[in-house]
Amino acid sequence: PTGTGPFNFSWTRSGDGWISSVQHPTISNAGTDDAGTYTVVVTETGCNSCTAGATTSVTVCAPSVTAGSNSPVCEGGAINLTSTPTGPGPYTYSWSGPDGFISTQANPTISPAGTGDAGTYTLVVTETGCNSCTAGATTSVTVLPKPGADAGADKAICKGDETRIGGDPVGSGGTPPYTYTWTPTTGLDDPSSSRPMASPDTSQSYTVTVTVSNSCTARDTMSLVVNELPNCQITVDDAASDGLVEPGSTHTAWIEAPVPVATIKWTVKDSEDNNLIDGPNDEAMVTFTAPLEPTTIFIGVEVEDGNICECSFEPSLVVDGPDPRGGVLKVWRYIPALAGWGLIGLAAILAGAGAWAVRRRKRR
């Protein structure tokens, strides 16, 4: 105040009953309820009790903040820290936590999360628009150990074969028990088992998901290559393809050689188990001589290619010598559509279908 004094002071606050008679009152632990307009009336007691008044406006900054997270988090996942401040703002943020973690983001993310990231995270917010008032909060984060997953080594099989897939063990670590899910399910006998049997028709990449009791998961993938079987279909020369086989005649049979070729093994024998092959039996073509006496010729081939895939084909051919009455052997097949027997060539016999019989016809 100005004047000669002495003075008396009377402070009031708008909206409630707060009063004070000291010249410079102090309000400790100020809260938002203490904000408002303050009025002081000064009385100069030595000058006929003259008075003067004045007002001042007080703003109380009282920021608060809540810290949170998506805890618990599986190892390898993402920790999402969140802040929820109250007050007019704006704010700055200061996070600190385990393993030297610091951040100035409002909602920072830690990824991938490790077990060393578990613990207490502390947040301090500063309300920069209101005298830099601060507020703090903490949140606790739990990181759950994840399991391990092993889908096993890549494999190759031949079409039609089967193999067991999966490591040994498939699931490890984490908090047992384990559950297993294999995808895709194509060719698997039990996609929910740890090590199913696989027999797909085409190559597949299989992924196993291992889940433990706390719902944490791990995944791993393996490749299963399915190799096609080599071609074992036998073709014979034109001299034998019409089904007429002369005693003592020489013929050739062949296959379309697989690439790459590992091994080929021919067997051409009569009913007495005599070898009829002339020359090597390990090439794509074989030469054999029909016996002079009536017999059955058995022609067989086994092929193993560079993928160690095997196939075999074992047709048989019934042949005979000249009929004493001048007949020669023809090979016939019963044809249901014709309700009778029809002449069939050797190539059809080697295809391996139908019911076969041997009949004689007069030579004319």
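Structure shown above.
Undergrad: Hey, could you run me through the overall build of the chain in this one?
TA: Secondary structure summary: the chain contains two helices and 31 strands in total. Evaluated residue by residue, the chain yields a buried proportion of 35% over its 364 residues. For the chain, long-range pairs separated by at least 24 residues make up 56% of all intrachain contacts whose partners lie at least 6 apart in sequence. Of the accessible surface of the chain, which amounts to about 19700 Å², a share of 50% is contributed by carbon and sulfur atoms.

Undergrad: Looking at this structure, I do not really get the side chain of Ser-103. What am I missing?
TA: Within the secondary structure, Ser-103 sits in strand S9 (residues 101–103). Within the structure, the side chain of Ser-103 is placed 3.1 Å from the backbone nitrogen of Gln-105, a separation counted as a polar contact. In contact with Ser-103, not counting residues within four places along its chain, are Tyr-93, Ser-94, Trp-95 and Pro-108.

Undergrad: How do you make sense of the state of the cysteines when you look at a structure like this?
TA: What makes a disulfide is a covalent bond joining the sulfur atoms belonging to two cysteines. All told, the structure shown has three disulfides when counted by the stated rule. Two residues share a disulfide in this structure: Cys-74 and Cys-216, whose sulfurs sit 2.0 Å from each other. The disulfide joining Cys-74 to Cys-216 has a torsion of about -95° about its S-S bond and is therefore left-handed. Of this pair, Cys-74 sits in strand S6 (residues 73–74) while Cys-216 is found in the loop between strand S20 (204–211) and strand S21 (217–227), placing the two residues 142 residues apart along the sequence. Assessed through its relative accessible area of 25%, Cys-74 is described here as partly exposed. Relative accessible area serves as the criterion here: at 0%, Cys-216 is assigned to the buried category.

Undergrad: Whenever I open this one, the pairing of S21 confuses me. Can you help?
TA: For a regular strand, side-chain orientation follows a simple rule: the groups alternate between the two sheet faces. Pairing between strand S15 (residues 155–158) and S21: four bridges, direction parallel. Its bridge partner being in S21, Cys-158 is matched across the sheet by Asn-227. Two elements, S20 and S21, share eight bridges in a ladder whose sense is antiparallel. When the bridges of S21 are listed, Ser-205 appears paired with Ser-223.

Undergrad: Looking at this structure, how should I read the nonpolar core?
TA: Most often, soluble globular proteins keep nonpolar side chains buried together rather than apart. Among the nonpolar cores identified, the biggest contains 19 residues, and Ile-234, Trp-266 and Val-301 are the most heavily contacted of them. Those elements that provide at least two residues to this core are strand S24 (261–269), strand S25 (285–289), strand S26 (295–305) and strand S27 (310–313). Broken down by element, the residue count for this core peaks at four residues, all from S26. The next biggest cluster of nonpolar side chains, apart from the first, holds 18 residues, and it includes Val-65, Val-73, Tyr-91 and Tyr-121.

Undergrad: Hey, could you run me through the sheet that holds strand S10 (residues 109–110) in this one?
TA: Two pairing modes exist for strands in a sheet, parallel and antiparallel, and in both the strands are linked by backbone hydrogen bonds. Read from one edge of the open sheet, three strands run S5-S7-S10, paired in antiparallel fashion. The open sheet is flanked by strand S5 (64–69) and S10, the only strands paired with a single partner. Both S5 and strand S7 (residues 79–86) contribute to a ladder of six bridges, which runs antiparallel. When the sheet's bridge partners are listed, Ser-69 is paired in S7 with Leu-81.

Undergrad: Sorry, what's going on with the pairing of S25 here?
TA: Of the two faces of S25, the one holding Val-286 and Phe-288 is buried and the one holding Met-285, Thr-287 and Thr-289 is not buried anywhere. As judged from the five bridges shared by strand S23 (residues 250–254) and S25, these two strands associate in the antiparallel manner. By the bridge assignment, Trp-254 is partnered in S25 with Met-285.

Undergrad: I keep staring at unusual backbone geometry and nothing clicks. Help me out?
TA: Note: most peptide bonds trans; most residues except glycine with negative phi. Residue Ser-71 is joined to Pro-72 through a cis peptide bond whose omega torsion reads 0°. Looking at the secondary structure, you find Pro-72 in the loop between S5 and S6. Cis peptide bonds are those with omega within 30 degrees of zero, and the linkage from Thr-183 to Pro-184 qualifies with -10°. Of note, Pro-184 is situated in the loop between strand S18 (179–183) and strand S19 (197–198).

Cut-offs used in this document
Residues numbered from 1 in each chain as written. Predicted model: local features only at pLDDT ≥ 70, side-chain atom pairs only at ≥ 80, totals over all residues. Heavy atoms only, no water. Helix = DSSP H or I, 4+ residues; strand = E, 2+ residues; numbered from the N terminus. Buried < 20%, exposed > 50% of the residue type's maximum accessible area, 1.4 Å probe, protein only. Contact = heavy atoms within 4.5 Å. Areas by Shrake-Rupley, 256 points an atom, 1.4 Å probe, with all protein chains shown as cover. Polar contact = N/O pair within 3.5 Å; in protein donor to acceptor, adjacent residues only side chain to side chain. Disulfide = S-S within 2.5 Å. Pairing = 2+ DSSP bridges. Core = buried A, V, L, I, M, F, W, Y, C linked by side-chain atoms within 4.5 Å.

So yeah, pure geometry; function would need other evidence.
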